[in-house]
Amino acid sequence: MSVQLLTVTEDEGAQRLDKWLRRRFPHLTQGAVEKLCRTGQLRVDKGRVKASDRVAPGQVVRVPPLPAEGPPPDPRPAGISAADAKMIQGAVLYRDEHLIVLNKPAGLPSQGGSGQGDRHVDALAEALKFGYKDKPKLVHRLDKDTSGVLLLARTDRVARALSEALRHRNARKIYWAVVAGVPHPRQGSIKFALEKAPGRGRGGEGEKMLCVHPARIADHPEAKRAHTDFFTLWFLGNRLSWMALEPVTGRTHQLRAHMAEIGHPILGDGKYGGSQAENLGDGWGAGTGGDLSKKLHLHARSLSIEHPITKKLMTFSAPLPDHMARTWKLLDWKEDDVPADPFEVIR
């Protein structure tokens, strides 16, 4: 193929050069586009450009000889099974040039660690490059058995910006959970500090967190302040409640430990809500028996954050995982029957 001089049409409008080029030549990878710009082979109106520069109707783009279109690249990186690549790519809720948002499946760890093996989001992110040279980077985590919205950054710059926003609480996270009993009052705040218990936890799960009353925090130098807001969305007699939980702080196991501490452990939470846990409903801990799943019923339902590049406020919502969707169906709870952000009403 020889050098081509292509004119940006009115229909194509103003857009980034890399997007314009990859629409014309879908087989080109993002890395190939950036190399053509870096080496000066790709020019606009005879001038050197960067992949992120914008082109406008009427401009002439010099395109050098390109490799012939071959078979599409294998979406399965080395070491990742076809099934896992399909699973993690199917979990994508949103992506652009800067970030990727996943609906993390329950049971999949965010990162490797003690007893976690090598099957986790951070490793499977190799299948989420989508033409970029490097895999996207985790900027926060969810517990292994917690499902829902998880952010990944596609560049170091975006990773730093998102981490900063999360660290300074410039993001809002709302979780859905099913808990034992019905909290009284139905809405409020939990402000027990958290500290790690001695040991490594049952089954190598990591340290269990212990709650410390705010009045006793001076006696616990290792304790970190923690704050959870809660709102009861629906309840079933005195037995179960559908809760919205907002972690104002982001401590390890915060929601699980806080709900258990006030006597309403999360359904399926054997670590914090065993049969020995106090439950202000029927006193049977976090297990119900019957047709309800024994898996943890905790889901990161939504996350609102300012886009690090466009500065637009964006809200991402994740549908319920299968085991929670079955519980909702069994209890005849409807996702659309509750406000997306119940805390907005009471602020």
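Residues numbered from 1 in each chain as written. Predicted model: local features only at pLDDT ≥ 70, side-chain atom pairs only at ≥ 80, totals over all residues. Heavy atoms only, no water.

Condition: UniProt positions are given in the numbering used here, feature names are shortened, and annotations may be inferred rather than shown by experiment.
Going by the annotation in an unreviewed UniProt entry, the name recorded for the chain is Pseudouridine synthase, with Rhodobacter calidifons given as the source organism. Taken verbatim from the UniProt record of the chain, the Function (unreviewed entry) comment is "Responsible for synthesis of pseudouridine from uracil." Annotation of the chain in UniProt includes, under Sequence similarities (unreviewed entry), the sentence "Belongs to the pseudouridine synthase RluA family."

## Let's talk about the packing of aromatic side chains
Quick note on the threshold: Only rings of Phe, Tyr and Trp enter the pairing, Trp through its six-membered ring, and a pair is recorded when the two centres are within 6.5 Å. The plane angle decides the type: under 30 degrees is stacked, over 60 is edge-to-face, the rest tilted. Strands here mean DSSP runs of E at least two residues long; helices mean DSSP runs of H or I at least four residues long; both are numbered from the N terminus. Each residue is assigned to one of three classes by its accessible area relative to the maximum for its type, calculated with a 1.4 Å probe on protein chains only: buried under 20%, partly exposed between the two thresholds, exposed over 50%.
A full pass over the atoms with the stated rule returns 7 aromatic pairs. Ring plane angle 80° and centroid distance 5.1 Å describe the contact between Trp176 and Trp242, whose orientation is recorded as edge-to-face. In this pair, Trp176 sits in strand S11 (residues 171-180) while Trp242 sits in strand S16 (residues 240-247), placing the two residues 66 residues apart along the sequence. Owing to a relative accessible area of 3%, Trp176 belongs among the buried residues under this scheme. Their ring planes at 75° and their centres at 6.4 Å tell us that Phe231 and Phe343 sit as a pair that is edge-to-face. One end of the pair, Phe231, is in strand S15 (residues 228-236); the other, Phe343, is in helix H8 (residues 342-346), and 112 residues separate them in sequence. Of the residues examined, Phe343 reaches a relative accessible area of 2% and is grouped as buried. One aromatic cluster is present, formed by Trp176, Trp242, Trp328 and Trp333 through successive ring pairs.

## Description of empty space enclosed by the protein
Here is the rule: Cavities and pockets were defined on a 1 Å grid built over protein atoms only: a cavity is a set of grid points that admits a 1.4 Å probe from which the probe cannot escape, a pocket is an open set flanked by protein on both sides within 12 Å along at least five of seven lines, and lining residues are those with an atom within 4 Å of any such point. Grid points are joined across faces, edges and corners, and a volume is the space filled by probe spheres set on the points. Any residue outside Ala, Val, Leu, Ile, Met, Phe, Trp, Tyr, Cys, Pro, Asp, Glu, Lys and Arg is labelled polar, Gly included; the first ten of those are nonpolar and the last four are charged.
Taken as a whole, this structure holds 1 cavity of 30 Å³ or more when the rule is applied. Approximately 30 Å³ is the volume found for the largest cavity. In this structure, the largest cavity is lined by His140, Leu142, Val149, Lys173, Tyr175, Ala300, Ser302 and Leu303. Listed by contribution, the elements that provide at least two residues to the lining of the largest cavity are S11 and strand S17 (298-306). Of all the elements, S17 adds the most residues to the lining of the largest cavity, at 3 residues. Classifying every residue of the lining of the largest cavity gives 5 nonpolar, 2 polar and 1 charged.

## Quick look at the environment of Arg54
Which entries qualify depends on this criterion: We call two residues in contact whenever any of their non-hydrogen atoms come within 4.5 Å of each other.
Here Arg54 shows up in strand S5 (residues 54-55). Taking C-alpha positions, Arg54 is 8.6 Å from Asp18, a pair spaced 36 residues apart along the chain. Setting aside chain neighbours within four positions, we find Arg54 in contact with Ala14, Gln15, Arg16, Leu17 and Gln59.

## Considering helix H3 (residues 82-90)
The cut-off we apply is this: Within this analysis, the arc is defined by the directions that extend from the helix axis to the C-beta atoms.
Residues of H3 that are buried: Asp84, Ala85 and Ile88. All buried residues of H3 project into a common sector of 100° when viewed along the axis, lining one side. Pointing more than 90 degrees away from the buried face of H3 are the exposed residues Ala83, Lys86 and Gly90. Of the surrounding secondary structure, the elements contacted by the buried residues of H3 are strand S7 (92-95), strand S8 (99-104) and helix H4 (121-124).

## Some thoughts on the nonpolar core
How we decide: Joining through side-chain atoms within 4.5 Å is the link that ties buried Ala, Val, Leu, Ile, Met, Phe, Trp, Tyr and Cys residues into a set, and such a set is a nonpolar core.
Counting 37 residues, the largest nonpolar core has Leu102, Leu245 and Leu298 as its most contacted members. Excluding residues within four positions of it along the chain, Leu298 makes contact with Asp145, Thr146, Ser147, Tyr175, Trp176, Ala177, Leu245, Leu255, Arg256, Ile266 and Met324. By size, the runner-up hydrophobic cluster in this structure holds 18 residues, among which are Leu21, Cys37, Val44 and Ala51.

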